[in-house]
Amino acid sequence: MTPEASMHAVRTAARLLLGAFLVAAGVAHLLVPAEFLAQVPPFLPAPAAVVLVSGVVELGVGAAVLVAPARLRPQVGLVVAVLFVLVFPGNVSQYVTGTDAFGLDSDGARATRLLFQPLLVAWAIWACGSLVLLRRTR
């Protein structure tokens, strides 16, 4: 296997794992919404609706990551990256309010969770080949 083919296989596996992660998170939003309520910032209205809508969005983008044709994957990756940026205030809120959820029951655990958000953004951009779009916009 050539290095290019190996990298393509790794990128494909990363994309499929990302899609599965998003679909699983979307399903979890619908099945155990109480866990996700901990991440809804207090200033947002209708927390239950926020959890429901965000779960449906995660299901949709997760499915898109899994099945979008190759020509659309870079755009899908950017949408997922933006989603990860948009949910970041919820993670900050969980840290600031000291709300326990997802096994994050200490400030240290909640702070560590914050550090992973940029990695999720990078994962979406890399796995879906979105860098090509970002380079074109310069």
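Note that the structure is a prediction, hence the values are computed from the model and not measured. (Residues numbered from 1 in each chain as written. Predicted model: local features only at pLDDT ≥ 70, side-chain atom pairs only at ≥ 80, totals over all residues. Heavy atoms only, no water.)

Some remarks on the packing of aromatic side chains
Okay, so step 1: In the structure shown here, the tally under the stated rule is 2 aromatic pairs.
Okay, so step 2: For the pair Phe21 and Trp123, a centre-to-centre distance of 6.0 Å together with 40 degrees between the ring planes defines the contact as tilted. Here the residue Phe21 occupies a position in helix H1 (residues 3-31), and Trp123 occupies one in helix H5 (residues 107-127), the gap between them amounting to 102 residues.
Okay, so step 3: Exposure remark for Phe21: the relative accessible area of 37% places this residue in the partly exposed category.
Okay, so step 4: Ring centres 4.9 Å apart and planes at 70 degrees place the aromatic pair Phe36 and Phe102 in the edge-to-face group. Separated by 66 residues along the polypeptide, Phe36 in helix H2 (residues 33-37) and Phe102 in the loop between helix H4 (73-97) and H5 bring together distant segments of the chain. (Phe/Tyr/Trp six-rings, centres within 6.5 Å; stacked < 30°, edge-to-face > 60°. Helix = DSSP H or I, 4+ residues; strand = E, 2+ residues; numbered from the N terminus. Buried < 20%, exposed > 50% of the residue type's maximum accessible area, 1.4 Å probe, protein only.)

So, the side chain of Gln39
Okay, so step 1: Positionally, Gln39 belongs in the loop between H2 and helix H3 (47-67).
Okay, so step 2: Judged by relative accessible area, which is 17%, Gln39 ranks as buried.
Okay, so step 3: Engagement of the side chain of Gln39 in a polar contact is seen with the side chain of Gln94, the distance being 3.4 Å.
Okay, so step 4: Leaving out residues up to four positions away in the same chain, Gln39 has contacts with Gly90, Asn91, Gln94, Phe102 and Arg113. (Polar contact = N/O pair within 3.5 Å; in protein donor to acceptor, adjacent residues only side chain to side chain. Contact = heavy atoms within 4.5 Å.)

Things to note about the environment of Thr12
Okay, so step 1: As for its placement among the helices and strands, Thr12 is situated in helix H1.
Okay, so step 2: For Thr12, a relative accessible area of 24% corresponds to the partly exposed category.
Okay, so step 3: Through-space distance from the C-alpha of Thr12 to that of Phe43 is 39 Å; in sequence the pair is 31 residues apart.

Digging into a nonpolar patch on the surface
Okay, so step 1: A surface patch of nonpolar side chains, about 520 Å² in accessible area, is lined by Val27, Leu30, Leu31, Val32, Leu52 and Val56.
Okay, so step 2: Counting residues per element, the ones that place at least two in the nonpolar patch are H1 and H3.
Okay, so step 3: With 3 residues, the single largest contributor to the nonpolar patch is H1.
Okay, so step 4: Relative to the assigned elements, Leu52 resides in helix H3.
Okay, so step 5: For Leu52, a relative accessible area of 46% translates into the label partly exposed. (Patch = residues over 30% accessible without salt bridge, like charges linked within 9 Å, V, L, I, M, F, W, Y side chains within 5 Å. Areas by Shrake-Rupley, 256 points an atom, 1.4 Å probe, with all protein chains shown as cover. Salt bridge = Lys/Arg side-chain N within 4 Å of Asp/Glu carboxyl O.)

Structural notes on H5
Okay, so step 1: An ideal rise of 1.5 Å per residue puts 30 Å on 21 residues; H5 measures up with 31 Å between its terminal C-alpha atoms.
Okay, so step 2: Backbone geometry just after H5 places Gly129 at a positive phi near 70 degrees. (Expected span 1.5 Å × (residues − 1).)

Digging into unusual backbone geometry
Okay, so step 1: In this structure, Ala46 is a non-glycine residue whose phi angle is positive, near 50 degrees.
Okay, so step 2: Along the chain, Ala46 falls in the loop between H2 and H3.
Okay, so step 3: Of note, Phe102 is a non-glycine position whose phi angle comes to about 60 degrees, a positive value.
Okay, so step 4: The class for Phe102 is partly exposed, based on a relative accessible area of 36%.

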